[in-house]
Amino acid sequence: QELARLEFRGGTHSKKCVKMDPITEDNDDGDPLNASVKHVELEQQDYQDTIDALSGPKAKIVEPFRLEYEKLYKALLRSHESEKRLTKKIRDLNAEITGTAQGVQT
């Protein structure tokens, strides 16, 4: 764990950050995709904490940063949804290939 610090005029926002690798870190069922979902849930909390910190008394000063941050976060969520769709498609295609290969062998 490490301590992340967001500094801006009028105050400092600090919190602990946990680094997770969504590709290699598995959860209880051994599914890397579920670990990725947990990672996104942590990112959502981090996003909300950051937006709250940027909405303080000096919000006008950091407004351009906040707008860009929101834009990037929305792009991250779209990317994650695409990753989930592609992962499901890969699993479906692998199952189809396995089924076809078994049919050819018999």
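Residues numbered from 1 in each chain as written. Predicted model: local features only at pLDDT ≥ 70, side-chain atom pairs only at ≥ 80, totals over all residues. Heavy atoms only, no water.

1. Details of the overall build of the protein chain
Now for step 1: When helices and strands are tallied, the protein chain shows two helices and two strands.
Now for step 2: Listing each helix as α and each strand as β along the protein chain from the N terminus yields β-β-α-α.
Now for step 3: Counting across all 106 residues of the protein chain, residues that qualify as buried make up 18%.
Now for step 4: Accessible surface, the protein chain as shown: approximately 8,100 Å² in total, 54% of it carbon and sulfur. (Helix = DSSP H or I, 4+ residues; strand = E, 2+ residues; numbered from the N terminus. Buried < 20%, exposed > 50% of the residue type's maximum accessible area, 1.4 Å probe, protein only. Areas by Shrake-Rupley, 256 points an atom, 1.4 Å probe, with all protein chains shown as cover.)

2. A few points about the pattern of salt bridges
Now for step 1: Within this structure, the stated rule accounts for four salt bridges.
Now for step 2: A salt bridge links K84 to E81; the shortest N-O distance between them is 3.3 Å. Here K84 and its partner E81 are both found in helix 2 (residues 59-105), three residues apart, which amounts to about one turn of the helix.
Now for step 3: Looking at E81, the relative accessible area reads 37%, which means it is partly exposed. (Salt bridge = Lys/Arg side-chain N within 4 Å of Asp/Glu carboxyl O.)

3. Concerning the packing of aromatic side chains
Now for step 1: For the coordinates displayed, the defined rule picks out three aromatic pairs.
Now for step 2: Ring geometry for Y47 versus Y69: centroids 5.7 Å apart, planes at 10°, classification stacked. Placement of the pair is Y47 in helix 1 (residues 32-54) and Y69 in helix 2, with a sequence separation of 22 residues.
Now for step 3: Taking 3.8 Å as the distance between ring centres and 10° as the angle between the ring planes, the aromatic pair formed by Y47 and Y73 counts as stacked. Here Y73 lies in helix 2 and Y47 lies in helix 1, a separation of 26 residues in the sequence.
Now for step 4: With relative accessibility at 15%, the residue Y47 sits in the buried group.
Now for step 5: Taken together, the aromatic side chains of Y47, F65, Y69 and Y73 make up a single cluster linked through ring pairs. (Phe/Tyr/Trp six-rings, centres within 6.5 Å; stacked < 30°, edge-to-face > 60°.)

4. Description of the confidence of the model for the protein chain
Now for step 1: In this model, the protein chain carries a mean pLDDT of 75, and residues with pLDDT of at least 70 account for 67%.
Now for step 2: For the protein chain, strand 1 (residues 2-8) is the element with the lowest average pLDDT, namely 45, and helix 2 is the one with the highest, namely 92.
Now for step 3: Counted against residues more than four places away or in other chains, residues 1-28, with its pLDDT under 50, gives 53 contacts. (pLDDT = per-residue confidence, 0-100. Contact = heavy atoms within 4.5 Å.)

5. Overview of helix 2
Each full turn of the α-helix corresponds to 3.6 residues, which orients residues three or four apart in the same direction.
Now for step 1: The end-to-end C-alpha distance of helix 2, which contains 47 residues, comes to 66 Å, matching closely the 69 Å that a straight helix rising 1.5 Å per residue would cover.
Now for step 2: Along helix 2, the sharpest kink reaches roughly 35°, centred on F65.
Now for step 3: Of the residues making up helix 2, those classed as buried are V62, R66, E70, Y73 and H80. (Expected span 1.5 Å × (residues − 1). Bend = angle between axes of the 7 residues up to and from the residue.)

6. Some points on the side chain of E70
Now for step 1: If you trace the backbone, E70 turns up in helix 2.
Now for step 2: With residues near it in sequence (within four places) discarded, E70 still touches Y47 and I51.

7. Description of the environment of E83
Now for step 1: When you line up the elements, E83 lands in helix 2.
Now for step 2: A relative accessible area of 30% means that E83 is categorised as partly exposed.
Now for step 3: Taking the C-alpha atoms as reference points, E83 and S36, separated by 47 residues in sequence, lie 9.7 Å from one another.

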